[in-house]
Every structure is written in structure tokens, then in C-alpha cells.
Amino acid sequence: MIKAVTGTKDILPSEINRWYYLENIIKEVFSVFNYKEIRTPIFEETSLFARGIGEETDIVSKEMYTFSDRSETSLTLKPEMTAGVVRAYIEHSLGTLQPLTKLFYISPMFRQERPQAGRFRQFHQFGAEAIGSTSPLLDAEIIQMSYHILKQLGLKDLTVKINSLGVPVSRENYKKILKEFLQDKKNKLSEDSRKRFDTNILRIFDSKVESDQNILKDAPLLINYLDEESKNDFEVVKEFLIRIGIPFEIDAALVRGLDYYTKTTFEIISKKVGSQSALCGGGRYDLLIEELGGKPTPGVGVAAGMERILLACENENSFSTPDQFIDVYIVRIDKELELEVSEIASRLRRKNLIVDCDYLSRSVKAQMREANKLNAKFVLIMGGDEYKNGDVQLKNMSDGEQKTIKTEKIVEIILAAKEQSHK
Ligand code: AMP
């Protein structure tokens with residue numbers, strides 16, 4: 001038997017309401033802040049990601065699904081969205097139409113990671129990008145929207161962590177200071193961190209190895225070496241978050257090891273999802289658009305993992321999944337009435353009622369059982385001499401009341417009964 005590929009999973013009908021619920025909240029919150037949806041292709045030229053995410057990142061160096069098509073062009077399934085969004089922003093000159101372009105997305109992503117709880121090879125992210133302004137209030141807006149979405153889902157156990165990386169000049173200066181600090185401790189670092197010491201020293205902070213973390217405990221922190229502008233912007237972000245009541249912690253270890261990330265970075269984590277605790281992460285990337293061939297344009301964004309968020313909801317029991325139900329199930333007593341049943345079903349459906357009936361020639365008893373299973377609000381029973389006389393039975397499943405009604409009045413009576421039951 002052929003099974004789904006490791007690290008991928010089917011989203012089954014029994015789970016789909018949760019996805020709809022999450023997607024609706026995402027769309028609602030982003031719309032309130034006037035972000036518009038963008039959909040970019042599933043694959044892009046590989047070089048876009050190499051430049052837009054960084055050759056030395058884990059994503060680009062070991063996790064991408066890269067293949068050549070028949071014309072030998074190297075293509076990659078998107079492992080994240082920012083690079084594609086920025087590519088589209090430049091390609092369609094979105095900035096000339098709208099000097100501040102606010103975009104959001106919901107999309108599958110692909111990374112060849114080691115599958116575990118909360119980590120897949122095909123997963124879904126939603127996110128937002130605000131391109132065109134250096135205002136730190138937009139950094140705060142991005143954090144605020146992410147937090148609102150998670151809160152609206154009913155999540156309680158959230159921690160917002162923020163940091164600032166400064167601009168490249170102050171960061172380069174700091175890197176030298178960090179290098180000096182680590183120089184005589186280099187041999188005690190893990191192999192990965194020793195490599196990073198030479199290639200990308202900031203990312204040593206990403207190390208999960210305990211001995212590395214012990215060494216880093218006394219390390220000088222970038223946050224104490226910020227340039228004036230970054231320092232002021234960080235103050236604005238913090239002040240705004242305080243004003244609107246979003247609690248946060250400063251985490252000096254939140255680094256993004258690439259030069260085009262600047263100033264604010266943040267993550268929102270949940271203790272309820274195991275070791276893969278980051279629900280979303282983002283920050284400012286004032287130099288990325290230029291790196292990808294556009295005019296120098298500042299930007300800030302977030303990406304959030306939807307599977308992980310749904311897992312957090314499940315583990316916090318925060319989901320009030322809407323009940324599954326249908327409005328009307330039509331039970332047919334005589335097999336000959338098949339066409340009539342389908343015709344009435346179609347008349348009711350045109351009024352936007354959720355209607356189903358039997359297509360399996362089941363017994364009346366089995367049809368009633370099906371109506372119960374589907375949580376039907378009303379059951380219409382058709383057949384026998386009664387139907388020949390122009391009548392059918394309508395049963396209200398919430399109180400069990402059953403009455404005879406005229407066939408031509410079915411639509412009107414059911415609509416009125418539904419209206420009544422809403423009151
Ligand atoms: P990143 O793009 O790596 O900053 O990730 C942003 C968010 O996407 C993370 O906080 C996770 O919630 C989610 N995420 C990243 N990688 C995976 C994965 N392999 N499987 C599931 N979710 C992921």
C-alpha cells in the first residue's frame with residue numbers, strides 16, 4: 001500500500017473545521033489592520049531562496065526540496081514565504097502603487113527536516129509582511145497582530161520574546177567584542193558552534209547544547225551595544241506593547257544570523273507544544289529587498305506555524321469546535337421517490353440550507369440513523385399514500401415534534417422553523 005510521504009499528513013474532514021476556524025481568524029485580524037492577501041507560486045527559482053534566506057542557514061544548506069525541471073532550471077518548493085513575497089513586490093512594483101504595502105499569506109511550506117511532534121516536511125504557515133516603512137510602530141503592529149490571532153484562538157500560555165539586532169555597523173562592532181570574549185573558550189564549544197565562530201558567530205546563540213549555553217551565560221550581549229537609532233526604535237516597540245497590554249520578555253539570544261536582518265526580532269512561544277515551542281517568529285529586514293534586487297526598502301514581517309498552533313489549541317483545550325450539523329435530512333419511504341427527493345433537496349439547497357438524503361437504498365431505519373449521525377435539525381419523511389395526497393412529515397429533531405405539512409410548502413415551512421429555532 002502506498003502511504004503519505006514521511007513528514008506529510010492528510011487533513012481529514014474530521015479536522016477541517018479547526019482549519020477553517022483558524023483561517024477565518026487569521027483573515028479577520030489581518031483585514032482589521034488593512035493587510036491584503038498575496039498568493040505566490042509553490043515553487044521558485046532556487047537562487048531566490050539562497051539569496052533571500054541565506055546560503056549558510058539550515059534551511060538553505062540542508063532542508064530544501066530542490067529539483068531540476070526538464071529545461072534544467074533549478075527549482076525549489078518554497079520553504080518560507082518572505083523571499084517569494086519580496087520577489088513579487090519587486091517584480092510588480094507594488095511599492096509604487098502603495099508606498100507602504102501590507103500583505104498577508106496562508107500557504108503550505110516544504111522543508112526536509114527530521115519529523116517530530118510539531119515539525120513536518122510539508123506544513124502550513126500564515127504570516128504578514130509590511131514593506132516600505134522604518135517605523136518601529138509597524139514592528140509592534142506585526143507583534144500585536146500575531147498575538148491577537150493566538151489570543152482569539154483562546155491560547156493562554158503564551159510568552160512574547162523580543163530583541164533587537166541593531167544595524168550592521170553596530171552588529172559588526174559587537175561581533176568583534178563577542179569574538180574576543182569567546183576566543184579562549186573556543187575549544188570548549190560544540191563542533192557546530194566552533195564552525196559558527198568562524199562563519200556566523202551570532203548564531204552560536206541558537207545552540208541548544210548545554211555547555212555552549214553555559215559559556216554564553218557571561219557573554220556580552222548585542223542589546224547593550226546598539227546604535228542610537230536601533231536603541232530608540234526598540235524603546236518605541238517596548239513602549240507601545242506596554243501601552244496596549246501585551247506582556248513581553250527581552251531575550252538577548254534571539255538572533256537571526258544574516259546581515260539583512262536588522263533591529264527588532266521576536267518570537268511567541270507556547271509551553272504547551274513540547275520542544276518545538278515557537279508558534280511564530282519574525283522581525284525587521286531592512287536590507288533584504290535590496291539584496292533581492294529591489295530599491296533599498298525597509299520591511300518587517302512574521303511567519304507562524306499553523307500545525308503547531310492547532311496543537312497548542314488542542315493541548316490547552318481551547319478549541320470550541322463548531323458543532324457539525326446539517327439542516328435537513330430527507331428520509332424516503334418508497335424507492336420510487338428518488339427523483340422527487342433529489343428535487344426537493346435541490347430546492348432547499350438553493351435557499352442555502354445544508355441538506356442530504358440517501359443514495360444507498362437504505363432502509364427507513366438506517367436513513368433515520370444516518371439523520372441522527374449527521375446531527376440533522378429537521379427530518380423530512382416522504383412516501384406512501386400521504387405523499388400521493390400532497391403531504392409529507394416534518395420532524396423537528398430538537399424537540400421530537402412531528403407534523404404533517406403540504407409538499408408545496410416545504411421550503412417556506414422549513415425556513416420559518418429554522419428562523420424560529422434561532423430565536
Ligand atoms: P521560521 O520560518 O523557521 O521562522 O518558522 C516560523 C514558524 O513556522 C515556526 O515558529 C513554527 O511554528 C513553524 N515551522 C517552522 N518549521 C516547521 C516545520 N518543519 N513543521 C511545522 N512547523 C514549522
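Residues numbered from 1 in each chain as written. Predicted model: local features only at pLDDT ≥ 70, side-chain atom pairs only at ≥ 80, totals over all residues. Heavy atoms only, no water.

1. Some details on the sheet that holds strand β7 (residues 158-164)
Alright, step 1. With respect to topology, eight strands assemble into an open sheet ordered β1-β5-β6-β11-β10-β9-β7-β8, the strand pairing being mixed. With one partner strand each, in any of the chains shown, β1 (36-37) and β8 (249-250) form the two edges of the open sheet.
Alright, step 2. Strand direction decides the pairing type here: strand β9 (residues 262-270) and strand β10 (residues 278-284), joined by six bridges, are antiparallel. Paired with T265 across the strands is G283, a residue of β10.
Alright, step 3. In the packing of helix α6 (residues 136-152) onto the sheet, contacts are made with β5 (101-110), β6 (122-131), β7, β9, β10 and β11 (299-305), and the angle to β9 comes to roughly 10°.
Alright, step 4. Across the face of the sheet, helix α12 (residues 306-315) comes into contact with β5, β6, β9, β10 and β11 while running at roughly 105° to β6. (Pairing = 2+ DSSP bridges. Helix = DSSP H or I, 4+ residues; strand = E, 2+ residues; numbered from the N terminus. Contact = heavy atoms within 4.5 Å. Axes fitted to C-alpha atoms, helices over the stretch in contact; angles between N-to-C directions.)

2. Let's talk about the domain arrangement of the protein
Alright, step 1. Taken domain by domain, the protein comprises domain 1 (13-167 + 227-316) and domain 2 (326-422).
Alright, step 2. In this structure, domain 1 and domain 2 have C-alpha centres spaced 48 Å apart. (Domains from an automatic or database assignment.)

3. Things to note about the nonpolar core
Alright, step 1. Core analysis: the biggest nonpolar cluster contains 45 residues, and F30, Y35 and I309 have the highest contact counts within it.
Alright, step 2. Excluding residues within four positions of it along the chain, F30 makes contact with Y35, F104, F126, G127, A128, M145 and I149. (Core = buried A, V, L, I, M, F, W, Y, C linked by side-chain atoms within 4.5 Å. Buried < 20%, exposed > 50% of the residue type's maximum accessible area, 1.4 Å probe, protein only.)

4. Focus: unusual backbone geometry
Alright, step 1. Phi at S361 is positive, roughly 50°, even though this residue is not glycine.
Alright, step 2. Position of S361 relative to the elements: it lies in the loop between β13 (355-357) and α14 (364-373).

5. Re the pattern of salt bridges
Alright, step 1. A complete count under the given rule lists 32 salt bridges for this structure.
Alright, step 2. The partner of E314 in a salt bridge is R18, and the shortest N-O contact between them spans 3.4 Å. Of this pair, E314 sits in helix α12 while R18 is found in helix α1 (residues 13-32), placing the two residues 296 residues apart along the sequence.
Alright, step 3. Among the residues examined, E314 registers a relative accessible area of 49% and is labelled partly exposed.
Alright, step 4. On the basis of relative accessible area, R18 is assigned to the partly exposed category, the value being 24%.
Alright, step 5. Residues joined in a network through salt bridges with shared partners are D58, K62, R203 and D206. (Salt bridge = Lys/Arg side-chain N within 4 Å of Asp/Glu carboxyl O.)

6. Some details on the site of the ligand
Alright, step 1. Around the ligand lies a shell of 13 residues, among which R111, E113, F120, Q125 and A278 are the nearest.
Alright, step 2. At 2.8 Å from an oxygen atom of the ligand is found a side-chain nitrogen or oxygen belonging to R111.
Alright, step 3. L279 is positioned such that a nitrogen or oxygen atom in its backbone is 3.2 Å from an oxygen atom of the ligand.
Alright, step 4. In the complex, 85% of the free accessible area of the ligand, which totals 480 Å², lies under the protein chains.
Alright, step 5. No other element matches β10, which puts three residues into the shell around the ligand.
Alright, step 6. Residue classes in the shell around the ligand are distributed as six nonpolar, three polar and four charged. (Near = heavy atom within 4 Å. Polar contact = N/O pair within 3.5 Å; in protein donor to acceptor, adjacent residues only side chain to side chain. Areas by Shrake-Rupley, 256 points an atom, 1.4 Å probe, with all protein chains shown as cover. Nonpolar A, V, L, I, M, F, W, Y, C, P; charged D, E, K, R; others polar.)

7. Quick notes on helix α8 (residues 191-199)
Alright, step 1. Here α8 has its buried residues at S193, R196 and F197. End-on, the buried residues of α8 take up no more than an arc of 115°, which puts them together on one face. Facing away from the buried side of α8, by more than 90 degrees, are the exposed residues E191, K195, D198 and T199. (Arc of directions from axis to C-beta.)

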